[in-house]
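Residues per chain are reported as follows:
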Amino acid sequence: MTSPIEPTTVKRALSAHAAIGLVAGALLYLVSLTGTIAVFYAELQRIEQPDAPEMTAIAPEAVQNGVMAMLQRGAESAPTTHLYVHLPVDDLPRATVTTDTEAMHLDARGTLVMPEEIAWSDFLVALHYTLNLPSLVGITIVGILGVMMLALSLSGVVALPRIFRDAFRLRVRSSGGVGLADWHNRLSVWTLPFGIAIALTGALIGLATVTAFAIASNDYGGDVEAVYAPIFGEEPAGDDAPAPAPDVAAALRYMSAQHPDVVPSYAILHDPLTRGQHVQIVGLHKQRLIFGEYYGFDAAGRFMGTAGLADGEWGQQAAASTYDLHFGNFGGIWVKLAYVLFGAALTAVCATGTYIWLGKRRRRGHYEPRLRALWNGVVIGAPVALAISFAARLALGNGAPFAGIFWICYALAVGLAWALVRTDRTSEQVAEPA
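Sequence order as written defines the numbering, with residues in each chain counted from 1. Two thresholds apply to this predicted model, a pLDDT of at least 70 for residue-level local features and 80 or more for giving and counting side-chain atom pairs, whereas whole-chain, interface and lining totals are computed over all residues. The side-chain values count all of the structure's non-hydrogen atoms but skip hydrogen atoms and water molecules.

## Considerations on helix 10 (residues 314-327)
Okay, so step 1: If you check helix 10, its first and last C-alpha atoms are 21 Å apart, about what 14 residues at 1.5 Å a residue would give, namely 20 Å.
Okay, so step 2: To get the bend at a given residue, fit one axis to the seven residues ending there, fit another to the seven starting there, and take the angle between those axes. The helix count covers DSSP runs of H or I at least four residues long, the strand count covers runs of E at least two residues long, and both are numbered beginning at the N terminus. At serine 321, helix 10 is deflected by roughly 30 degrees, the largest bend along its length.
Okay, so step 3: Remark: exposure states derive from per-residue accessible area (1.4 Å probe, protein chains only) relative to the maximum for the residue type, with buried under 20%, exposed over 50%, and partly exposed in between. Of the positions making up helix 10, those classed as buried are Gln316, Ala320, Ser321, Thr322, Asp324, His326 and Phe327.
Okay, so step 4: Should any heavy atoms of two residues lie within 4.5 Å, those residues are considered in contact. For helix 10, the elements touching its buried residues are helix 4 (119-130), helix 7 (192-219), helix 8 (224-232) and helix 11 (333-363).
Okay, so step 5: With its phi angle positive at about 75 degrees, glycine 328 sits one or two positions after the end of helix 10. In this scheme, a helix's expected span is set at 1.5 Å multiplied by one less than its residue total.

## What to know about the sheet that holds strand 2 (residues 95-98)
Okay, so step 1: A pair of strands is treated as paired once DSSP finds two or more bridges between them. Taken in spatial order, the eight strands make up an open sheet running 4-3-2-1-5-6-7-8, and their pairing is antiparallel. For this open sheet the edge positions go to strand 4 (112-115) and strand 8 (303-306), each flanked by a neighbour on one side alone. For this sheet, the mean inter-axis angle between neighbouring strands, taken without regard to orientation, is 25 degrees.
Okay, so step 2: Across three bridges, strand 7 (residues 293-297) lies against strand 8 in antiparallel orientation. To obtain an axis, a line is fitted to C-alpha atoms, over the contacting stretch when the element is a helix, and the angle between two such axes runs from 0 to 180 degrees between their N-to-C directions.

## Re the environment of tyrosine 228
Okay, so step 1: Within the secondary structure, tyrosine 228 is located in helix 8.
Okay, so step 2: The exposure class of tyrosine 228 is partly exposed, given its relative accessible area of 26%.
Okay, so step 3: A C-alpha to C-alpha distance of 9.9 Å links tyrosine 228 and threonine 209, two positions 19 residues apart in sequence.
Okay, so step 4: Non-local contacts of tyrosine 228, meaning those with residues more than four positions away in its chain, are made with Ala208, Thr209, Ala212 and Gly233.

## A short note on the UniProt feature "transmembrane region" (unreviewed entry) in the chain
Okay, so step 1: UniProt positions are given in the numbering used here, feature names are shortened, and annotations may be inferred rather than shown by experiment. Within this structure's numbering, the places UniProt gives as "transmembrane region" (unreviewed entry) are residues 20-42, 136-164, 194-216, 337-358, 373-396 and 402-421.
Okay, so step 2: Taken end to end, residues 373-396 comprises 100% helix and 0% strand; its first and last C-alpha atoms sit 32 Å apart.
Okay, so step 3: Secondary structure across residues 402-421 comprises 100% helix and 0% strand; the distance between its end C-alpha atoms is 29 Å.

## Here's the deal with the side chain of threonine 34
Okay, so step 1: Within the secondary structure, threonine 34 sits in helix 1 (residues 7-38).
Okay, so step 2: Judged by relative accessible area, threonine 34 falls into the buried class, the value being 0%.
Okay, so step 3: N or O atoms within 3.5 Å of each other form a polar contact, as long as, within protein, one can give a hydrogen and the other can take it, and as long as residues adjacent in sequence are counted only when both atoms are side-chain atoms. Polar contacts involving the side chain of threonine 34 include one to the main-chain carbonyl oxygen of leucine 30, which spans 2.9 Å.
Okay, so step 4: Contacts of threonine 34, omitting those with residues within four sequence positions, involve Leu124, Leu127, His128 and Leu386.

## As for the pattern of salt bridges
Okay, so step 1: In the sections that follow, a salt bridge refers to a side-chain nitrogen of Lys or Arg positioned within 4 Å of a carboxyl oxygen of Asp or Glu. This model, assessed by the stated rule, comprises ten salt bridges.
Okay, so step 2: The salt bridge partner of glutamate 102 is arginine 73, with a shortest N-O separation of 2.8 Å. Taken together, the positions of glutamate 102 in the loop between strand 2 and strand 3 (103-106) and arginine 73 in helix 3 (residues 60-76) put the pair 29 residues apart, joining distant regions of the chain.
Okay, so step 3: A residue is classified by how much of its surface remains accessible, and glutamate 102, at 24% relative accessible area, is partly exposed.
Okay, so step 4: Judged by relative accessible area, arginine 73 falls into the partly exposed class, the value being 33%.

## Details of the nonpolar core
Okay, so step 1: To form a nonpolar core, buried Ala, Val, Leu, Ile, Met, Phe, Trp, Tyr and Cys residues must be joined to one another through side-chain atoms within 4.5 Å. Counting 45 residues, the largest nonpolar core has Tyr29, Trp375, Phe406 and Tyr410 as its most contacted members.
Okay, so step 2: Those elements that place two or more of their residues in this core are helix 1, helix 4, helix 5 (135-159), helix 7, helix 11, helix 12 (369-396) and helix 13 (402-422).
Okay, so step 3: Looking at this core, the element that brings in the most residues is helix 12, giving nine residues.
Okay, so step 4: An automatic or database domain assignment is the source of the domain bounds shown. Counting contributing residues per domain, this core is built from domain 1 (1-49 + 138-222 + 329-366) and domain 3 (368-421), each supplying no fewer than three.
Okay, so step 5: With residues near it in sequence (within four places) discarded, tyrosine 410 still touches Tyr29, Leu30, Gly377, Val378, Gly381, Ala382 and Ala385.
Okay, so step 6: Formed by 26 residues, the second largest nonpolar core is a distinct cluster that contains Met55, Met70, Leu71 and Met104.

Right under this line is the structure:
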C-alpha cells in the first residue's frame, strides 16, 4: 500500500508552486516597467550624452565625409562588415556612424567629433528585450512572457463578465482586498486595447526570432537572412574583392530628388570596401506605422529598388509595423506620453495582480509573509535598482557595468525584504488585518 504524502511535503510543494508563479509575475513586471521607460529611448540618449552635436539635417556630402573617415579608422584597426549612419530625425537630431566595433558622432560637416556614449540607454533596452541574458535565450523568454500577458488579458475579460459594466466602479476604501481588485480590474479595462497590442507585438518580436533560427537550421543550412528575405528583401551576392568606398551621398541625393516626402533615418553599408558592397537607405513614411522602407542602391549610388515594406504584401507591411506599434515610435511626443501613461498602468496591473493572488491565498488560510515580502522587494527593488544604475552612469561614466549593478542591487533589495520578515519569527502566526 502506498504511503500518503507527508503534509510537510505538500506544504513545500505548494510553496514551490507559489514561488514559480512569483518568478513569472516578477519577469512580467520587470518587462512592463523597462518597456515603459524605454519608450523614451531617444530622449534618454540625449540626457545621457548632452554634449553630442545636434542638427536638424545633414548634407549628403557631410555624410560621405563621415563614412570615409570611419572606414579609414577601420582600415587602421578592425575592418567592419556593416556600417550604419544614423541621420538626424525629429526625436534624435544627431548624426552617428556605427561599425561592428565602435560608434562616433558627426558634426554638420561630417567630421568625427566624439565617441557615442549611451551605454545606460542600451542596457535598458537590452534588459527589456533579453533580460540581459544571451540574445536568443533572453528574447525567447520575453516572447513567451508576451504570450502569457496576452493570455492573461483575454482570460481576465472572460473570467470577469461584469468587467466592462463596472468599468468606472471604483471601491477604493473597501476592505478585504476589494479596493485593490477594483484598481486592478479598472486599469486592466482602461488599458485593454493597449495591453493586447503590446503583448501581441512583444510575443511576435520575441518568438519570431527563435522561429527564424529554427527554420534556418532545418531548411536553410543555418542562414537566418534567407528566412527573413521574403519580408525584408534579399541580400545581393557577395564579392570580397577590394573596391573603393561606396557613394552614399549619391544615394541620399536620389532620395531627396525622387522621394522628397520620405525622411531618411539610416544609411546602411553592407560589406563596405568590397566589390559586393551595396547601400540601403531606411526611409520614414509619414502617417504610416512601418519603421521604414528599405531603398537599395549599388556602390555608385544607382537605385536598385525597394524591399516592399511600404507597398508590398500585407504580411510584409504588418511585420514592418510591429516595432513602432510596440514601442510607440509614431505620432511624436503625444503618442509617447500616452504609451508611458498606459505602460505605467500596465505595470501597476502586473504588480497588483500578484498582491491580489497573495491576498486570496491568505484569506484561504495560506498566509505566506515571506512570499509577500519577496513581492514587495520585486516591486520596489526594480525601480530603485534602475535608479542606482543610472546614478552609476552619472558618477562612473559610460564604462560602468550597468547590468551587474542593476542585478546586484535588485537581488539585495529582494534579499533585504526577505531578511526583514525572517527576523520576526512570530509573524507567520499572526494573521494580517483584512
